[in-house]
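Here is what each chain is made of, one letter per residue.
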There are 4 protein chains.
Amino acid sequence: MAVNVTVWSENYHEQREEDVRRRYPDGIHGAIAAGLTELLGERVRVRTAVLDEPEHGLPDAVLAETDVLMWWGHMAHEEVDDKIVERVRRRVLAGMGLVVLHSGHYSKIFRALMGTTCTVNWRDAGERELVWTVAPGHPIAADVPRPLVIDRQETYGEPFGIPEPDELVFISNFSGGEVFRSGCCYRRGLGKIFYFSPGDQQYPVYYHPGVRRVLANAALWAAPSHGVGEPLQNAHTPIQW
Amino acid sequence: MAVNVTVWSENYHEQREEDVRRRYPDGIHGAIAAGLTELLGERVRVRTAVLDEPEHGLPDAVLAETDVLMWWGHMAHEEVDDKIVERVRRRVLAGMGLVVLHSGHYSKIFRALMGTTCTVNWRDAGERELVWTVAPGHPIAADVPRPLVIDRQETYGEPFGIPEPDELVFISNFSGGEVFRSGCCYRRGLGKIFYFSPGDQQYPVYYHPGVRRVLANAALWAAPSHGVGEPLQNAHTPIQW
Amino acid sequence: MAVNVTVWSENYHEQREEDVRRRYPDGIHGAIAAGLTELLGERVRVRTAVLDEPEHGLPDAVLAETDVLMWWGHMAHEEVDDKIVERVRRRVLAGMGLVVLHSGHYSKIFRALMGTTCTVNWRDAGERELVWTVAPGHPIAADVPRPLVIDRQETYGEPFGIPEPDELVFISNFSGGEVFRSGCCYRRGLGKIFYFSPGDQQYPVYYHPGVRRVLANAALWAAPSHGVGEPLQNAHTPIQW
Amino acid sequence: MAVNVTVWSENYHEQREEDVRRRYPDGIHGAIAAGLTELLGERVRVRTAVLDEPEHGLPDAVLAETDVLMWWGHMAHEEVDDKIVERVRRRVLAGMGLVVLHSGHYSKIFRALMGTTCTVNWRDAGERELVWTVAPGHPIAADVPRPLVIDRQETYGEPFGIPEPDELVFISNFSGGEVFRSGCCYRRGLGKIFYFSPGDQQYPVYYHPGVRRVLANAALWAAPSHGVGEPLQNAHTPIQW
């Protein structure tokens with residue numbers, strides 16, 4: 001049965017900056033969606049949504065048909081409506097997978113689910129990033145080069161203000177000297193969350209075959225194993241047997 | 001050097017219900033504070049704060065002198081000002097310890113730091129709770145009876161809507177058949193968090209010597225190992241050597 | 001593609017004790033294998049192996065065709081050849097799943113992979129065990145009753161001498177008052193390990209539909225996501241890009 | 001009360017290789033012991049032990065007085081007597097702290113406690129190692145430079161064949177491109193274990209003030225919070241109340 005993936009992106013840089021538009025003519029969301037379809041074919045049904053659409057493209061009807069939501073945002077985190085954030089959060093806690101990308105570390109939805117600052121150190125110097133697999137048995141690491149080499153990237157550095165991941169899959173080395181926990185898995189409520197740091201509007205990272213492989217693996221991994229229901233509720237439940 | 005502990009309590013049941021007032025004439029916070037002083041003496045400096053005070057008794061000046069905050073709330077979670085919640089959250093992420101008690105599982109501060117529903121199943125039937133140590137090497141378990149027996153208690157049951165604890169110290173057995181992860185440790189930002197479920201306004205649990213021992217151990221454990229500073233910030237930090 | 005499961009059992013009680021033979025005429029391994037086949041059909045290919053066979057029924061050729069190994073042992077842990085234990089351990093570290101059952105907590109293979117005492121408290125008093133799900137989103141918990149009720153069982157109690165599980169799925173309540181972490185997940189090397197405590201030669205637990213559901217789920221969960229290769233090796237690996 | 005630390009070292013390179021002798025005239029153990037005494041003064045009582053002593057310098061009487069054992073080994077792991085390894089392992093499971101250093105990742109004692117291959121990738125090319133703090137609130141990270149800069153070091157690379165650490169404190173960046181989880185905490189039985197990778201016989205790493213600070217912090221962290229007793233035992237323990 002196909003996994004329903006919705007790729008959400010802010011889509012502001014692409015609209016406002018000529019160089020980003022040239023790099024991502026179909027938007028960052030478009031490039032990500034194309035990669036998923038390319039690698040997963042009929043195992044996935046992909047749609048996209050952007051900030052400027054009504055309800056940010058995430059009305060109840062769309063979320064109700066979404067098994068895995070991917071999230072890219074950067075310059076407009078504060079423009080995302082708190083009500084939509086809470087709607088997404090509830091859906092994750094009910095079982096929907098969430099894949100948070102790059103500068104999405106500072107999105108409202110990621111911060112709400114983590115509870116911490118989610119801050120990073122950073123520098124934009126076009127450095128080389130090497131993404132190393134530290135959990136070689138993990139499904140997200142399948143068929144990913146060791147290391148995955150990204151020639152030029154924005155640099156993220158530790159300390160990363162997150163809870164300790166439930167599973168740490170990737171750590172990156174930057175040629176300027178930093179390290180970063182670049183692939184982090186969490187279980188929250190009934191849902192699974194994967195944070196993956198490579199990817200920036202200034203670099204064509206989402207066309208990289210290794211990055212596409214990671215995102216395809218993540219879409220399958222984050223899909224709920226037994227459907228999306230309701231988040232856990234306060235209940236008054238006498239034991240019965 | 002003494003640990004500065006602030007014991008915060010809602011203090012509504014005690015003001016409004018005669019039986020609770022008789023049980024806790026100095027308030028739930030008063031009973032907890034007395035237990036800490038009794039067991040820790042000069043190792044601790046204890047003050048209390050309640051919801052009805054200005055800024056809920058937690059102005060910046062008080063938090064700035066607080067190493068560990070204990071939190072009991074139940075019927076008035078929604079009356080706690082979001083600004084104070086955020087102030088406490090920032091202080092935890094900067095290193096202050098937080099000990100969340102019983103129905104405080106559903107407090108704004110605990111939910112904000114966990115990111116999940118924090119819901120429980122429950123039933124009030126005066127059942128016996130046995131608190132078992134599952135991490136016998138943990139400092140919070142030192143000198144705690146195995147099991148710690150509470151003759152009559154409100155029943156909490158799984159699933160408890162929390163992230164998997166970084167360390168699970170206690171699990172409770174209720175005579176009605178439930179189990180509950182009753183002692184859970186988290187590290188968030190620079191701070192440490194301990195959730196402990198025993199304790200209710202309907203039962204004299206905070207006079208129980210074993211419960212008092214747990215809270216005294218928790219106060220020492222949650223104290224910041226190298227002071228409280230600032231939470232992690234977004235930074236632009238070139239490497240220097 | 002079908003998952004190849006090998007169900008291993010000591011098969012001593014069944015040969016030596018009349019009541020156990022009546023309870024498990026096809027052996028404990030036979031009952032477990034039948035349950036897997038009943039619930040999973042063509043999604044699984046099941047074979048069995050017992051201690052008295054040459055190489056305990058686990059020659060290289062059998063392990064090479066095994067994706068998931070289930071292990072039940074009790075009275076003869078010390079009779080298991082250290083060489084076979086090491087062979088199984090290497091295969092787990094290379095990606096094979098391992099499901100350890102009940103008194104198998106004290107098997108050589110489980111102790112070798114955990115590194116700890118793996119001891120439990122216990123009592124045989126025919127008590128009722130309630131198995132509670134604490135990780136409702138976990139695939140091993142899918143379609144498992146909450147609670148799973150086992151009318152009569154041997155009692156296991158904490159502290160259980162294990163490393164903190166990577167994921168805790170089930171906690172049991174015993175009517176005599178104990179609790180036990182009855183469903184524990186580990187990742188070790190490239191392999192996944194699940195320990196499940198219900199199951200004893202004195203009780204017909206392996207015919208229980210809920211227990212059979214857990215074991216079927218565990219077989220699918222423990223299967224390697226991208227095949228079984230070699231365990232990690234010391235290497236001298238210059239980076240290449 | 002002072003923490004009793006025993007620093008154990010193989011002491012073979014120092015005896016057999018002139019350059020190592022010049023670098024570590026008092027042995028690697030001597031340099032480590034001097035650093036602990038320098039930084040901790042009366043908070044610690046330090047002794048040393050080496051492989052060539054009777055019972056490797058670790059008779060029962062010495063272990064009985066040891067709160068924290070530090071372990072450095074490299075070329076002679078196989079010469080360590082299995083009986084001494086088991087004696088140390090039991091003592092750790094009973095509460096003694098263990099700090100494993102550098103090539104000690106492949107010692108019998110670390111492998112026995114971890115259960116995995118404990119293998120690393122490596123290369124000796126005199127590269128620069130930057131040790132980054134990822135858990136800034138952790139006591140082992142107190143007063144450690146960010147990053148801790150080691151000008152020349154042997155290179156270790158991922159994947160490191162360990163169980164996921166209970167707390168990950170440091171990650172290293174090597175100038176050749178590798179990353180390594182260089183500071184890993186574990187709880188096993190009643191004891192605490194810290195693995196720290198910097199340190200090699202070819203480089204004067206144990207004189208580095210930042211490395212000495214880490215080891216001093218680790219000695220205090222690993223000390224048992226409530227004494228060393230017995231490891232957990234199989235027991236038949238009826239509940240009493």
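Further up the page is the structure itself.
Below, the structure is looked at part by part. Everything numeric in this text was worked out from a predicted model, so none of it was measured.

Within the largest apolar cluster, 84 residues are counted, with the highest numbers of intra-cluster contacts made by Leu58(A) and Leu58(D). Setting aside residues up to four positions removed in sequence, Leu58(A) forms contacts with Thr6(A), Trp8(A), Ala49(A), Leu63(A), Leu69(A), Trp71(A), Ile84(A), Arg87(A) and Val88(A). Grouped together as the second largest cluster of nonpolar side chains are 83 residues, Val100(B), Tyr12(C), Val85(C) and Val100(C) included.

For the rest of this paragraph, the subject is the sheet that holds strand 4 (residues 97–101) of chain D. Residue and element names in this part refer to chain D. With mixed pairing, nine strands are arranged side by side in an open sheet as 2-1-3-4-9-8-7-5-6. Edge positions in the sheet fall to strand 2 (44–50) and strand 6 (148–157), since each of these pairs with one other strand and no more. Adjacent strand axes in the sheet meet at a mean angle of 25° when their direction is disregarded. In this structure, strand 4 lies alongside strand 9 (residues 191–196), joined through four bridges in parallel fashion. Considered in strand 9, the bridge of Leu98 is made with Ile193. Here helix 3 (residues 27–40) sits on the sheet in contact with strand 1 (3–9), strand 2, strand 3 (68–72) and strand 4, set at roughly 180° to strand 2.

What follows covers the packing of aromatic side chains. Taken as a whole and judged by the stated rule, the model has 40 aromatic pairs over all chains. Arranged with centres 5.2 Å apart and planes meeting at 20°, the rings of Tyr24(A) and Tyr207(A) form a pair that is stacked. With a gap of 183 residues between them, Tyr24(A) in the loop between helix 2 (18–23) and helix 3 (27–40) and Tyr207(A) in the loop between strand 9 (191–196) and helix 7 (209–222) connect regions that are remote in the sequence. Where Phe160(D) meets Tyr195(D), the ring centres are 5.3 Å apart and the plane angle is 55°; that geometry is what we call tilted. Taken together, the residues Phe160(D) in the loop between strand 6 and strand 7 (167–174) and Tyr195(D) in strand 9 connect sequence positions 35 residues apart. By relative accessible area, which is 0% here, Tyr195(D) ends up buried. Taken together, the aromatic side chains of Phe110(A), Tyr156(A), Phe160(A), Phe180(A) and Tyr195(A) make up a single cluster linked through ring pairs. When the ring centre of Trp221(C) is taken as origin, the NZ or CZ atom of Lys192(C), which lies over that ring, is 4.8 Å away.

On to the interface of chain B and chain A, then. Each partner contributes residues to the interface: chain B has 37 residues there, and chain A has 37 residues. Where chain B abuts chain A, roughly 2700 Å² becomes buried across the two surfaces, and 49% of that area is made up of carbon and sulfur atoms. At the junction of chain B and chain A, the tally comes to two salt bridges. Salt-bridge contacts for Arg187(B) lead to Glu164(A); the nearest nitrogen and oxygen are separated by 3.3 Å. Applying the counting rule to chain B against chain A returns six residue pairs in polar contact (both at pLDDT 80 or more). Secondary-structure elements contributing two or more residues to the side of chain B that touches chain A are helix 5 (82–93), helix 6 (108–114), strand 5 (121–133) and strand 8 (179–188) of chain B. Within the side of chain B that touches chain A, the residues separate by chemical class into 16 nonpolar, 14 polar and seven charged.

So, how was this worked out
- Residues numbered from 1 in each chain as written.
- Chains lettered and ligands numbered in written order.
- Predicted model: local features only at pLDDT ≥ 70, side-chain atom pairs only at ≥ 80, totals over all residues.
- Heavy atoms only, no water.
- Core = buried A, V, L, I, M, F, W, Y, C linked by side-chain atoms within 4.5 Å.
- Buried < 20%, exposed > 50% of the residue type's maximum accessible area, 1.4 Å probe, protein only.
- Contact = heavy atoms within 4.5 Å.
- Pairing = 2+ DSSP bridges.
- Helix = DSSP H or I, 4+ residues; strand = E, 2+ residues; numbered from the N terminus.
- Axes fitted to C-alpha atoms, helices over the stretch in contact; angles between N-to-C directions.
- Phe/Tyr/Trp six-rings, centres within 6.5 Å; stacked < 30°, edge-to-face > 60°.
- Lys NZ or Arg CZ within 6 Å of the ring centre and 35° of its normal.
- Buried area = accessible area lost by both parts, 1.4 Å probe.
- Salt bridge = Lys/Arg side-chain N within 4 Å of Asp/Glu carboxyl O.
- Polar contact = N/O pair within 3.5 Å; in protein donor to acceptor, adjacent residues only side chain to side chain.
- Nonpolar A, V, L, I, M, F, W, Y, C, P; charged D, E, K, R; others polar.

Such coordinate-based values are descriptive only and should not be taken to indicate function.
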